[in-house]
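Residue-level structural notes
If you want the building blocks of each chain, they are given just below.
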Amino acid sequence: EVLYRIVFCISVSFVFVMTLFARTVSEHTITLKPFLSYCIAYETENAELWLQIIMNIAMYIPIGFALPGCFARMNKLWKVLALVLICSIGIEVIQYIFSIGYSEVDDGIDNMFGTLIGYSLYVISERCCRKLKKEPIHKWEKASNRHIAITGMRNSEGGERASIKGCILTDKQG
């Protein structure tokens, strides 16, 4: 959980710096046509524009990954995407009001793609971790014909658990 929080804080800070503070003042520009930057990048073979699209996506991958790990309420994809969409709209509005950078619908789309990739990586990693933790225990239970009750509580949490010396507790048979 601490790692998720660190990744989340660094990622959010990076997004705000890159989208609000590292921009030069320009004119009020807003583009509401979806995928326009993709079309322009494709038609003109503009590597710099493709790089910008990729960077917009990449900036939000860590946020999509860390957000559900940081906040228990962010346990559904739609919740994560909704929060990121609201934040993206807020950033685009601020960019428009203060004439910093360009306000584009494509930025929001890119942000959503990045968040979706990050959330997918989070789900995959959580499933892998769960499987790696449970599979050896299930194999041992099957081989020994015994059951282990695991509560997920740590010895360092104090109270009655602090007196437990071993790492695995079984019934009195063994």
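Structure report, in brief. For clarity, every value in this text was computed on a predicted model and none was experimentally measured.

Some thoughts on helix α4 (residues 77-97)
For α4, which comprises 21 residues, the first-to-last C-alpha distance of 30 Å matches the rise-based estimate of 30 Å (1.5 Å per residue) to within 8%. Looking at the buried positions of α4, the neighbouring elements they touch are α1 (2-21), α3 (47-70), β2 (103-104) and α5 (105-144).

Quick word on the environment of L3
Inspection of the secondary structure assignment puts L3 in helix α1. On the accessibility criterion, L3 (61% relative accessible area) is exposed. Expressed as a C-alpha distance, the spacing of L3 and C70, which sit 67 residues apart in the sequence, is 8.8 Å.

Some remarks on a nonpolar patch on the surface
The grouping of I30, L32, L85, I89, V93, I94, Y96, I97 and F98 at the surface amounts to a nonpolar patch, some 850 Å² of accessible area in total. Ranked by residues supplied to the nonpolar patch, first place goes to α4 with six residues. With respect to the secondary-structure elements, Y96 resides in helix α4.

A word on the side chain of E141
Tracing the backbone through its elements, the reader meets E141 in helix α5. Summary of buried charges: E141 has no salt-bridge partner, and the nearest side chain of opposite charge, R146, is 9.4 Å away. Residues in contact with E141, not counting those within four places in the same chain, are R146, H147 and I148.

With respect to the packing of aromatic side chains
Under the definition given, this model contains seven aromatic pairs. Among the aromatic side chains, those forming a connected cluster through ring pairs are Y4, F65, Y119 and Y122. Cation over ring: R5 sits above F71, and NZ or CZ is 5.9 Å from the ring centre.

Remarks on the packing of α3 against α4
Interaxial distance between α3 and α4 falls to 10 Å at its minimum, and their mutual angle equals 135°. In terms of orientation, α3 lies oblique with respect to α4. When the axes of α3 and α4 are compared, the crossing they make is right-handed. Only V80, L83, V84, S88 and I91 of α4 make contact with α3, whose side of the interface consists of Y60, I63, L67 and P68. For the contact of α3 with α4, the per-class residue count stands at eight nonpolar, one polar and no charged.

Definitions and cut-offs
Residues numbered from 1 in each chain as written. Predicted model: local features only at pLDDT ≥ 70, side-chain atom pairs only at ≥ 80, totals over all residues. Heavy atoms only, no water. Helix = DSSP H or I, 4+ residues; strand = E, 2+ residues; numbered from the N terminus. Expected span 1.5 Å × (residues − 1). Contact = heavy atoms within 4.5 Å. Buried < 20%, exposed > 50% of the residue type's maximum accessible area, 1.4 Å probe, protein only. Patch = residues over 30% accessible without salt bridge, like charges linked within 9 Å, V, L, I, M, F, W, Y side chains within 5 Å. Areas by Shrake-Rupley, 256 points an atom, 1.4 Å probe, with all protein chains shown as cover. Salt bridge = Lys/Arg side-chain N within 4 Å of Asp/Glu carboxyl O. Lys, Arg positive; Asp, Glu negative; His and termini not counted. Phe/Tyr/Trp six-rings, centres within 6.5 Å; stacked < 30°, edge-to-face > 60°. Lys NZ or Arg CZ within 6 Å of the ring centre and 35° of its normal. Axes fitted to C-alpha atoms, helices over the stretch in contact; angles between N-to-C directions. Parallel < 35°, antiparallel > 145°, perpendicular 65-115°, else oblique. Left-handed = near helix turned anticlockwise from the far one by under 90°. Nonpolar A, V, L, I, M, F, W, Y, C, P; charged D, E, K, R; others polar.

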